[in-house]
Amino acid sequence: MARRCSLLLAVAAAFLATSFLCDPIIAQTKPSAAPVALAHVTTIDPRTGVLQADQTVVIEGTLIRLVGPSTSTKSPQNTRSIDCTGLFLIPGLWDMHVHLEFGDWFPRAKEISLPLFIANGVTGVRDMGSELETVQGWRTEIDAGQLVGPRIFTSGPMLDGPKPRFPSSIAISTPDDARRAVADFKRRGADFIKLQSLIPRDAVFAIADEAKKQHIPFEGHVPDSVRAREMSEAGMKSFEHLIGIFEGSSPAEDDFLKGSKTEARFLETYDPERAEKLATALAKNHTWQCPTLVWERGGNLIDVADFSKDIRAKYVPAAWKIETWKRFTDEITQGYGDDNLAVRKRFLEKELEVVRLLHKNGVPFLAGTDTPPGVYIFPGFSLHEELQRFVAAGFTPLEALQTATINPAEFFGIADRLGSIEAGKFADLVLLRANPLTDITNTQQIAAVIANGRYFSADDLQAVLAQVEVGARK
């Protein structure tokens, strides 16, 4: 990579730092006071999988200033050099389906979820339903360096039907309700609109139309009243949880629009030809998929899973486990109906097959976990499990890594600023002790995290975890 003179780099850095002051990806934490050089590190290109050994990556302020061979890259004076021999550097990870402030169902998320993301190398999240002003306030605190946490894109409350099932939701009964809600969230600074499942059909298309007029993306569940192909054609940017995919892959789709959805019925009526045609349409429309596979597995096996000895449980407040997760558990198990365990296990395998089919046809994917409403989904930790589920679905480790690095950057239209290790981009990075391209579980081998220029050593990360553990016991 060609190097520029120090003066030009400083000017460019100043320009970049001041150009994004009104952007959701502005500075998230106070950077290190002096430049930091990650010396003798192996960098990983998330687009190609190319490894560059013995590189030096210089971080100054919130930006990556230089990337080049350690033998020829000269760091600025007063640079703190860190020997990264044997370590691998990847872009910061994203969890593209989280809920940060879910009404009063997950108290103390500020002290639990936000630092757990950073401790696990998750430097960015897409918040799919929360209290808007609360999350915006947290984002301001993170920007000011007063709070440890990731970059946040948020929808604010979800739009749902006349009787919403969850907190942080707005009831939508009519097209007029829909248009008012979209315009209101745009005015209040939401980054996108999140749809839930129970919105009436005419109101769904009013949301789509108004979102286009307001120039704000709409994402989320394919509502029960609408076909997946219709939502894709209407411009819905992402589908969550594979909702609409099995319906659209079945000759019983019209019946599913009326209700009576069960996993047994999805399996019985699945039509590979219809699935192939739907995949082709989604790829053509570039409709992203965030399948939340770790949550799908957890929900389907919740009645036979035992997390009582899971070491991660120490980071979770008792209220989450005793009250809210129990509420979700009861709802999930009641929803099983006649779907016995054998059926649910077969459905989980079918989901992986469908993800593989969509991927083969060029449908783009994002990694997301639905933390913490996903029962036994742990903020930060479970994102690594999600990457493993993608590999189980047939993705290469590189393709799985892309769902949490360069793909989110491209989804948000910020690949010129995030998602890869290049000079001029924001310094969101994760140092690993082993190569994730040989084994995706190595994303858990975290040696350090850089969150927008702020360096968290292994000791720093342990201190963050210890603080969360103490907070969870309060």
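See the structure shown above.
Residues numbered from 1 in each chain as written. Predicted model: local features only at pLDDT ≥ 70, side-chain atom pairs only at ≥ 80, totals over all residues. Heavy atoms only, no water.

## Digging into the overall build of the chain
Step number 1: A count of helical and extended segments in the chain gives 17 helices and 17 strands.
Step number 2: Against the 2.2 N^0.38 benchmark of 23 Å for 474 residues, the chain shows a C-alpha radius of gyration of 22 Å, consistent with a compact globule.
Step number 3: The dimensions of the chain, computed from C-alpha atoms along their principal axes, are 70 × 50 × 50 Å.
Step number 4: Taken across its 474 residues, the chain has 59% of its residues classed as buried.
Step number 5: Nonlocal contacts in the chain, meaning residues at least 24 apart in sequence, comprise 75% of its contacts between residues at least 6 apart.
Step number 6: For the chain, the exposed surface amounts to about 18600 Å²; the carbon and sulfur share of it is 52%.
Step number 7: Once the 52 positive and 60 negative side-chain charges of the chain are each reduced to a mean point, those two points are 3 Å apart. (Helix = DSSP H or I, 4+ residues; strand = E, 2+ residues; numbered from the N terminus. Rg over C-alpha atoms; globule rule 2.2 N^0.38 Å. Buried < 20%, exposed > 50% of the residue type's maximum accessible area, 1.4 Å probe, protein only. Contact = heavy atoms within 4.5 Å. Areas by Shrake-Rupley, 256 points an atom, 1.4 Å probe, with all protein chains shown as cover. Lys, Arg positive; Asp, Glu negative; His and termini not counted. Charge placed at Lys NZ, Arg CZ, Asp CG, Glu CD.)

## Here's the deal with the pattern of salt bridges
Step number 1: Under the defined criterion, the tally for this structure stands at 31 salt bridges.
Step number 2: For E60, the salt bridge identified is with R65, shortest N-O distance 2.4 Å.
Step number 3: Of the residues examined, E60 reaches a relative accessible area of 32% and is grouped as partly exposed.
Step number 4: In this structure, R179 engages E210 in a salt bridge whose closest nitrogen and oxygen atoms are separated by 3.0 Å. (Salt bridge = Lys/Arg side-chain N within 4 Å of Asp/Glu carboxyl O.)

## Notes on the sheet that holds strand β6 (residues 93–98)
Step number 1: Read from one edge of the open sheet, three strands run β6-β7-β8, paired in parallel fashion. In the strand order of this sheet, the two ends are held by β6 and β8 (151–154), each with one partner. Going from strand to strand, the sheet's axes swing by 15° on average, the running direction of each strand aside. (Pairing = 2+ DSSP bridges. Axes fitted to C-alpha atoms, helices over the stretch in contact; angles between N-to-C directions.)

## Observations regarding the side chain of S197
Step number 1: Its location among the elements puts S197 in the loop between β11 (193–195) and α5 (201–214).
Step number 2: Residue classification places S197 among the buried positions, given a relative accessible area of 6%.
Step number 3: When residues no more than four places from it in sequence are discounted, the contact partners of S197 are D160, R165, H221, P223, D224 and I243.

## Considerations on helix α13 (residues 341–360)
Step number 1: Under the 1.5 Å per step criterion, the end-to-end length of α13 is 29 Å for 20 residues, consistent within 8% with the ideal 28 Å.
Step number 2: Within the sequence span of α13, burial applies to V343, R344, F347, L348, K350, E351, L352, V354, V355, L357 and L358.
Step number 3: Buried residues along α13 sit in contact with α7 (245–248), α9 (263–269), α10 (272–284), β14 (288–290), α11 (293–300) and α14 (381–392).
Step number 4: Looking at where α13 begins, the residue whose side-chain oxygen comes 3.1 Å from the main-chain nitrogen of A342 is N340.
Step number 5: Where α13 ends, the next residue or the one after it, G362, has phi of about 95°, a positive value. (Expected span 1.5 Å × (residues − 1). Polar contact = N/O pair within 3.5 Å; in protein donor to acceptor, adjacent residues only side chain to side chain.)

## Topic: the packing of aromatic side chains
Step number 1: As enumerated under the stated definition, the model contains 25 aromatic pairs in all.
Step number 2: For the pair F307 and Y376, a centre-to-centre distance of 4.3 Å together with 15° between the ring planes defines the contact as stacked. In this pair, F307 is assigned in the loop between α11 and α12 (318–335) and Y376 in the loop between α13 and α14, connecting sequence segments 69 residues apart.
Step number 3: For F307, a relative accessible area of 25% corresponds to the partly exposed category.
Step number 4: Consider the rings of F390 and F395, whose centres lie 4.9 Å apart with planes at 45°: the pair is tilted. F395 matches F390 in its accessibility class, with the two residues each being buried. (Phe/Tyr/Trp six-rings, centres within 6.5 Å; stacked < 30°, edge-to-face > 60°.)

## Comments concerning the packing of helix α2 (residues 109–119) against helix α17 (residues 458–473)
Geometry of a packed helix pair, given as the angle between the helix axes and the separation of the axes.
Step number 1: Running from N to C, α2 and α17 cross one another at 160°; their axes reach a closest spacing of 9 Å. Classified by the angle between their axes, α2 and α17 sit roughly antiparallel to one another. Along this stretch, α2 crosses α17, giving a crossing that reads as left-handed. Across the interface between the two elements, E111, I112, P115, L116, I118 and A119 of α2 pack against L461, V464, L465, V468, G471 and A472 of α17. (Parallel < 35°, antiparallel > 145°, perpendicular 65-115°, else oblique. Left-handed = near helix turned anticlockwise from the far one by under 90°.)

## A closer look at the packing of α11 against α14
Step number 1: Remark: α11 packs on α14, axes separated minimally by 8 Å, with the N-to-C direction vectors making an angle of 95°. Considered as vectors, α11 and α14 are oriented roughly perpendicular to each other. Here L293, V294 and R297 of α11 lie close against α14, whose contacting residues are S382, E385, E386, R389 and F390.
Step number 2: Considered class by class, the residues forming the contact of α11 with α14 number three nonpolar, one polar and four charged. (Nonpolar A, V, L, I, M, F, W, Y, C, P; charged D, E, K, R; others polar.)

## Let's talk about the environment of S382
Step number 1: By the element assignment, S382 lies in helix α14.
Step number 2: The buried category is assigned to S382, whose relative accessible area is 0%.
Step number 3: Separated by 13 residues in sequence, S382 and T369 place their C-alpha atoms 6.6 Å apart.
Step number 4: Each residue touching S382, except ones within four places of it in the same chain, is listed here: V294, R312, T369, Y376 and I377.
Step number 5: From its side chain, S382 meets the backbone nitrogen of F378 in a polar contact 2.9 Å long.

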